[in-house]
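So the chains spell out like this:
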Amino acid sequence: MVTVAEQLDYQSETAGDQTLSKKLHLLSNKYYSKHSELIPLLSKLGVEASKLEQLYGSSVNQLLERTRGADFYEDMMRNYIVFGMLQDSFRRLAKGLTPARRLKVEDLLAAQELEKLAQSTLFAAIAADPKLGHRMALYGRMVVADCLLEIRNLIDFDKVLPAASYQDQTERTRAQFKILEPYTSELIAAHTVRMDQLGLTA
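Model, not experiment: these values are computed from the prediction.

A. Region of interest: the overall build of the protein chain. Helices and strands together make up the secondary structure of the protein chain, namely nine helices and zero strands. Mapped in sequence order, the helices and strands of the protein chain form the string α-α-α-α-α-α-α-α-α. Summarising its shape, the C-alpha atoms of the protein chain cover approximately 55 × 40 × 25 Å along the three principal directions. The buried share of the protein chain, reckoned over its 202 residues, is 41%. For the protein chain, the share of sequence-separated contacts (at least 6 apart) that also reach a separation of at least 24 residues comes to 72%. Accessible surface, the protein chain as shown: approximately 11400 Å² in total, 55% of it carbon and sulfur. Measuring between centres, the 25 positive side-chain charges of the protein chain sit 4 Å from its 26 negative side-chain charges.

B. Structural view of the confidence of the model for the protein chain. For the protein chain, the mean per-residue pLDDT works out to 86, and 94% of the residues sit at or above 70. Put simply, helix 8 (residues 157-160) is where the protein chain has its lowest mean pLDDT, 74, and helix 6 (residues 113-128) is where it has its highest, 94.

C. View of the packing of helix 2 (residues 18-44) against helix 6. Put simply, helix 2 and helix 6 touch, their axes get as near as 11 Å, and they point 160° apart. If you check the angle between helix 2 and helix 6, you find them roughly antiparallel. The interaxial crossing formed by helix 2 with helix 6 has left-handed handedness. Between helix 2 and helix 6, the contacting residues are L20, K23, L24, L27, K30 and Y31 on the first element and E113, L114, L117 and T121 on the second. Class assignment for the residues of the contact of helix 2 with helix 6 results in six nonpolar, one polar and three charged.

D. Region of interest: the pattern of salt bridges. For the structure on display, the rule yields 10 salt bridges. Where E65 meets R68, a salt bridge forms, and the shortest distance between an N and an O atom there is 3.4 Å. Under the relative-accessibility criterion, R68 is labelled partly exposed at 34%. Between E74 and R135 there is a salt bridge; the shortest N-O distance is 2.9 Å.

E. Fine view of the packing of helix 1 (residues 2-14) against helix 2. Two numbers describe how helix 1 lies on helix 2: the axes approach to 8 Å, and their chain directions differ by 165°. Here helix 1 lies roughly antiparallel to helix 2, going by the angle between them. Crossing of helix 1 over helix 2 shows left-handed handedness. Residues V2, V4, A5, E6, L8, D9, Q11 and S12 of helix 1 lie in contact with helix 2, whose contacting residues are S21, L24, H25, L27, S28, Y31, Y32 and H35.

F. Quick peek at the nonpolar core. Core analysis: the largest hydrophobic core is formed by 44 residues, its most contacted members being L24, M77, I81, V82 and L200. Counting residues per element, the ones that place at least two in this core are helix 1, helix 2, helix 3 (49-66), helix 4 (72-93), helix 6, helix 7 (130-153) and helix 9 (169-197). Setting aside residues no more than four positions away along its own chain, I81 makes contact with G140, V143, V144, H191 and M195. Within the second largest apolar cluster, seven residues are counted, among which are L38, L41, L42 and A94.

G. How the structure looks around the packing of aromatic side chains. Under the defined criterion, the tally for this structure stands at one aromatic pair. Measuring from centroid to centroid gives 5.6 Å for F72 and Y73, while their planes differ by 80°, and the two rings are edge-to-face. Above the plane of the ring of Y31 lies K34, whose end atom (NZ or CZ) is 5.8 Å from the centre.

H. Layout of the side chain of Q11. Secondary-structure assignment places Q11 in helix 1. Judged by its relative accessible area of 0%, Q11 is buried. The residues touching Q11, leaving out its near neighbours within four places in the chain, are L24, F72, D75, M76 and N79.

Definitions and limits used
Position numbers for residues count from 1 along each chain, tracking the sequence in the order it is written. This being a predicted model, a pLDDT of at least 70 is required before a residue's local features are given, and a value of 80 or more before pairs of side-chain atoms are given or counted; all residues contribute to the totals for chains, interfaces and linings. Side-chain measures here rest on the full set of heavy atoms in the structure, leaving out hydrogens and waters. Helix numbering and strand numbering both begin at the N terminus, where a helix is a DSSP run of H or I of at least 4 residues and a strand a DSSP run of E of at least 2. Three labels apply to residues, based on accessible area from a 1.4 Å probe with only protein chains included: buried if under 20% of the type maximum, exposed if over 50%, partly exposed otherwise in between. Here a residue-residue contact requires only that any non-hydrogen atoms of the pair lie within 4.5 Å. In these tables, accessible area is a Shrake-Rupley quantity obtained with a 1.4 Å probe, and a residue counts as shielded only by the protein chains included in the view. All tallies of charge rest on Lys and Arg as positive and Asp and Glu as negative; His and the ends of each chain are not included. Where a charge sits is defined by one atom per residue type, namely NZ (Lys), CZ (Arg), CG (Asp) or CD (Glu). pLDDT measures how confident the predictor is about each residue, on a scale from 0 to 100. As a rule, the C-alpha atoms of each element are fitted with a line to give its axis, helices using only the stretch in contact, and angles between N-to-C directions run from 0 to 180 degrees. Angle categories are assigned with fixed cut-offs, so that under 35 degrees is roughly parallel, over 145 is roughly antiparallel, 65 to 115 is roughly perpendicular, and the rest are oblique. Crossing handedness: left-handed means the near helix sits turned counterclockwise from the far one by under a right angle, and right-handed means the same turn made clockwise. Gly is put with the polar residues, along with every residue not named as nonpolar or charged; the nonpolar set is Ala, Val, Leu, Ile, Met, Phe, Trp, Tyr, Cys and Pro, and the charged set is Asp, Glu, Lys and Arg. Salt bridge, as used here: a side-chain nitrogen of Lys or Arg that lies within 4 Å of a carboxyl oxygen of Asp or Glu. Side-chain atoms within 4.5 Å are what join buried Ala, Val, Leu, Ile, Met, Phe, Trp, Tyr and Cys residues into a set we call a nonpolar core. In summary, the pairing rule links any two rings of Phe, Tyr or Trp, Trp by its six-membered ring, whose centres are within 6.5 Å, and it sorts them by plane angle into stacked for under 30 degrees, edge-to-face for over 60 and tilted for everything else. Criterion for a charge above a ring: Arg CZ or Lys NZ at most 6 Å from the ring centre, at most 35 degrees from the ring normal.

Here it is in structure tokens:
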């Protein structure tokens, strides 16, 4: 949540439109609030937020750095795809929680303000400049591949992949993606819908 808030805060300073800048800043504050609500929930599950940051924070930050755009619109597309897919992923994983906690976590992850703001901003920009649409489609394909790799990296395969010996890392990677295929297929289907809403091909 903090990572999303930080990215939105940064983009609020690079937006060319003052109204959009204000919307991004307000949305950033909402994600900081969501983070504050999530910490006690994690604590009740026996999870320390600081430990999660140590385990996954660096990896997520590297993902954001790898997918950093060349301009405001590419960064907005990155937010639309990466945060959309990660949020979809975490919402599905929340099904493993107890009903009360699952509902709370799902409620925190269900808000679509970021997706709607990114979508409306990109849709208007693409309508004004059709060439931008081609660039966003290409950029989106690159970003989604990086995002799927990150989702794979967040999984502890020692717990879900049967013990076996692999000839090399390539063979192990194929096995990892194969076991994740039903899960990633759902995420890709949701991603395709998001791209369709922009009039772009996933």
